[in-house]
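Each chain, letter by letter, is given below.
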Amino acid sequence: MRLAVTGLCKSYPGLTVLSGVDLSLAAGEVVAIRGASGTGKSTLLHCLGLLDRPDSGSIRLDGEEVTGLKPGVAATLRAKRLGFVFQAFHLLPEFSVTENVLMPARAAGTSLPAARARAAELLQRTGLSGRATASVTTLSGGERQRVALCRALLMKPGLLLADEPTGNLDPVTAGTVLDELVSLAKQDGAAVVLVTHDPTVAARADRRLELLGGRLCE
Amino acid sequence: MLSLHLGLRYLRRRRAAWLAFAAVVCTVAVPVVVMGVMQGWLEVTSRQTRANESDLTVADSWYGGSVADTPRLRAALAAHPQVRAVAPFVSAYALLESSNDRQGSGRRLAIPCLLDAVHWEADRAAGRLAPATLHAPPVTDLNSPPVPAKQRGTGFLTPAWRDHLCLSGLGLMSGLGVLPPPPRLRPLPGVVAGRELLYGNPISLGDQIRLTGVTGRNQNVIVSDTIGTGILETDRFLVLLPLDLGQRLLDLDGRGRHSEMVTGLRVTTAPGTDLNRTAHELNLATGETVLTWWQRRGQLVKSLTIQRNILGLVMILVQVVAVFIVYAVFSTLVAEKRHDIGVLLGLGVRRRQIAGAFLVAGAAACLGGGLCGWVLGWLVLWGLNPASRFFNIPLFPQDVIYTPEAPTSFDPLVPLFFIAVATVVGLLAVALPAWRATRIQPVDTLREGA
């Protein structure tokens, strides 16, 4: 999926966070966005993930304008074409590993048998097939992030948005999870926007950008 | 599908949700028990009233009077396709006197009674005087033993009359013919007294009593049998006697200025007959007033129906109290799951699916709780009288409604109605928390979790 962002602006009362962000991303490309805390990395990611509305500017996915979509249409787009990985994992404690992974398929209303096969495949590739029926509350931090990664990739999204995906993990686990994230995304041909403040994480990306004063720069 | 999945999971895994479930169980079980007894009481009363009253009654007016019992009138009634049987009757208050003095007080018993003079066979044909109501043992005085069969009569047939008829039959069979009996040998007529009238007063089966009608005429009779209709007010005052005797006591027997008169004619109709319509048609055909059982004796059933409906309204109000519990539980649930809801919205779940999940959980709690309440209510209803007997605690003192046992009804419409009310009320209570859940902003919750 090609992503094209032009002139993206977002401000809160008394605070301008994004002031004309431009970004283009090719399918399968991994871009790391670095920046200090409070520079607007998460806000940019939320705008790209259609969770938040920019004040102005344009976001195009495969040439299709997606800013200003109705909430229901945006939700469908999120479920089918976008994937999210968060620092805090954000797994659902009432559900098992497989059920968490299947959640985007349920949200999109797609065929569950096919999604189950895909989930089993992803869990196999991330080494979690033995924990498929376990409750997510019994998993370690690394395992939880892998589950979150499987959930994000279930629907073969064109764009994967990762917000500090290794922020809560130790360096060794973080490296493993990051390797898996990049390799799985590239296998599926997904473009990846990786938000981090860690230079070692950013170093894994094809391209590194820095968010400074509300704008992205090389 | 996602709403069902989420809703049922939240309901199963959250302890607070079980509180809503328990509240619904209680607010369905309690009305099922209360209304089961009330409905049972209504059904018993209605059944007893119907057993003592014919479908239709041809009478001079709703309050009494008399009508001429003519072949033309009977033929007009019998010609109607819905009419199955016609039985004449005479009904009036009278004075009952007895010289029995069991306690030696020297006082002569004189009490009012309600005469119901009937043609025995015609009344039996019309469906009244069911065998189960005759020779009934007393209820209000449990210390009085039932009278053995050989000591009591059968209907109006006293033991003396039985012997008299037997002797006459033997005379006929021997070819001698019926010898004219000496005047004093002819037995007195028999009457059937209400069981509570008999056992509540110093009168026994076989005793001679005197009945004096409002005309001043009187007649000595023998108490030959008892009848228990199931309605205390009837069984305390009723005296059944032969039709011709009743006519004589009330000066309706055709002597003097009167033709053969009766208070009215009881009419039995085919099952499922539209009584109001048939009454109107018979009125047109005969020119006489024709009343339905509901018009004559429906007041008690009507008043009980009103009481039942008021009680049902109170029970609905009790169910409305459950609104607050269900609302509190689901508000707490939404607050607890705020973060998860944000995540789900972030994953692409639509807001209406989120609302649907809580509505499904609410509906499942109400329906599941309602069904459990139904089962619990019926179990309590089923065990009410055995438990009452076991602990020797009369639930309904017999001097109040004539039976020590609670009348119960297992009409499924009662629990179904209260489950429906609980479900509607529960869904209304869940609607606001569900709407609030859809207002959650995923960006806010995702930032909070970071």
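Residues numbered from 1 in each chain as written. Chains lettered and ligands numbered in written order. Predicted model: local features only at pLDDT ≥ 70, side-chain atom pairs only at ≥ 80, totals over all residues. Heavy atoms only, no water.

Enquirer: I would appreciate a short explanation of the overall build of chain B in the present structure.
Expert: The secondary structure content of chain B amounts to 15 helices and 11 strands. A separation of at least 24 residues holds for 78% of the contacts in chain B among residues at least 6 apart in sequence. Element-wise, carbon and sulfur atoms account for 62% of the exposed surface of chain B, whose accessible area totals about 22300 Å². (Helix = DSSP H or I, 4+ residues; strand = E, 2+ residues; numbered from the N terminus. Contact = heavy atoms within 4.5 Å. Areas by Shrake-Rupley, 256 points an atom, 1.4 Å probe, with all protein chains shown as cover.)

Enquirer: What exactly am I supposed to notice about the interface of chain A and chain B here?
Expert: Size of an interface, as often reported, equals the accessible area lost when the parts are brought together. Contacts between chain A and chain B engage 25 residues on the former and 25 residues on the latter. When the buried area of chain A at its contact with chain B is split by residue, His90(A), Glu94(A) and Arg106(A) rank highest and sum to 28% of it. Inspection of the chain A/chain B interface yields 1 salt bridge. A salt bridge links Lys337(B) to Glu94(A), with the nearest nitrogen and oxygen atoms 2.7 Å apart. At the junction of chain A with chain B, the criterion picks out 6 residue pairs in polar contact (both at pLDDT 80 or more). It is helix H2 (residues 71-81) of chain A that contributes the most residues to the side of chain A that touches chain B, 5 residues altogether. Looking at side-chain class alone, the side of chain A that touches chain B contains 13 nonpolar, 6 polar and 6 charged residues. (Buried area = accessible area lost by both parts, 1.4 Å probe. Salt bridge = Lys/Arg side-chain N within 4 Å of Asp/Glu carboxyl O. Polar contact = N/O pair within 3.5 Å; in protein donor to acceptor, adjacent residues only side chain to side chain. Nonpolar A, V, L, I, M, F, W, Y, C, P; charged D, E, K, R; others polar.)

Enquirer: Which parts of the structure should I look at to understand helix H4 (residues 112-125) of chain A?
Expert: Each α-helix turn comprises 3.6 residues. Residues three or four places apart therefore point the same way. Residue and element names in this part refer to chain A. Its 14 residues give H4 an end-to-end C-alpha distance of 20 Å, which sits within 8% of 20 Å, the value for a rise of 1.5 Å per residue. Those residues of H4 not exposed but buried are Ala115, Arg118, Ala119, Leu122 and Leu123. Down the axis, H4 shows its buried residues gathered within 135° of arc, on one side only. Residues of H4 that are exposed and point more than 90 degrees away from the buried face comprise Pro113 and Gln124. As for H4, its buried residues are in contact with helix H3 (97-108), helix H5 (141-153) and helix H6 (171-188). Where H4 ends, the next residue or the one after it, glycine 127, has phi of about 75°, a positive value. (Expected span 1.5 Å × (residues − 1). Buried < 20%, exposed > 50% of the residue type's maximum accessible area, 1.4 Å probe, protein only. Arc of directions from axis to C-beta.)

Enquirer: Would you take a moment to explain a nonpolar patch on the surface for this structure?
Expert: A surface patch of nonpolar side chains, about 320 Å² in accessible area, is lined by Ile306(B), Ile310(B), Val314(B) and Val318(B). Relative to the assigned elements, Val318(B) resides in helix H10 (residues 293-336). (Patch = residues over 30% accessible without salt bridge, like charges linked within 9 Å, V, L, I, M, F, W, Y side chains within 5 Å.)

Enquirer: How do you make sense of the sheet that holds strand S9 (residues 207-212) of chain A when you look at a structure like this?
Expert: The strands that make up a sheet pair up through hydrogen bonds in the backbone, lying either parallel or antiparallel. Residues and elements named next belong to chain A. Here we have 6 strands laid out as an open sheet, ordered S6-S7-S8-S3-S9-S10, and mixed in their pairing. Two strands lie at the open edges of the sheet, namely strand S6 (82-86) and strand S10 (215-217), each paired on one side alone. With strand direction ignored, the average angle separating the axes of adjacent strands in the sheet is 20°. The strands that H2 touches are S6 and strand S7 (159-163); relative to S6, the one it contacts most, it runs at about 75°. (Pairing = 2+ DSSP bridges. Axes fitted to C-alpha atoms, helices over the stretch in contact; angles between N-to-C directions.)

Enquirer: Is there a simple way to explain the pattern of salt bridges in this structure?
Expert: When charged atoms on two side chains of opposite charge get close, those side chains can pair. Per the counting criterion, the structure on display carries 20 salt bridges over all chains. Between Glu64(A) and Arg81(A) there is a salt bridge, with the nearest N and O atoms lying 3.4 Å from each other. Taken together, the positions of Glu64(A) in strand S5 (residues 64-65) and Arg81(A) in helix H2 put the pair 17 residues apart, joining distant regions of the chain. By relative accessible area, which is 38% here, Glu64(A) ends up partly exposed. In this structure, Asp123(B) engages Arg266(B) in a salt bridge whose closest nitrogen and oxygen atoms are separated by 3.7 Å. Of this pair, Asp123(B) sits in helix H4 (residues 120-125) while Arg266(B) sits in strand S10 (residues 264-269), and the two are 143 residues apart along the sequence. You'll find Asp123(B) and Arg266(B) in the same group, each marked buried.

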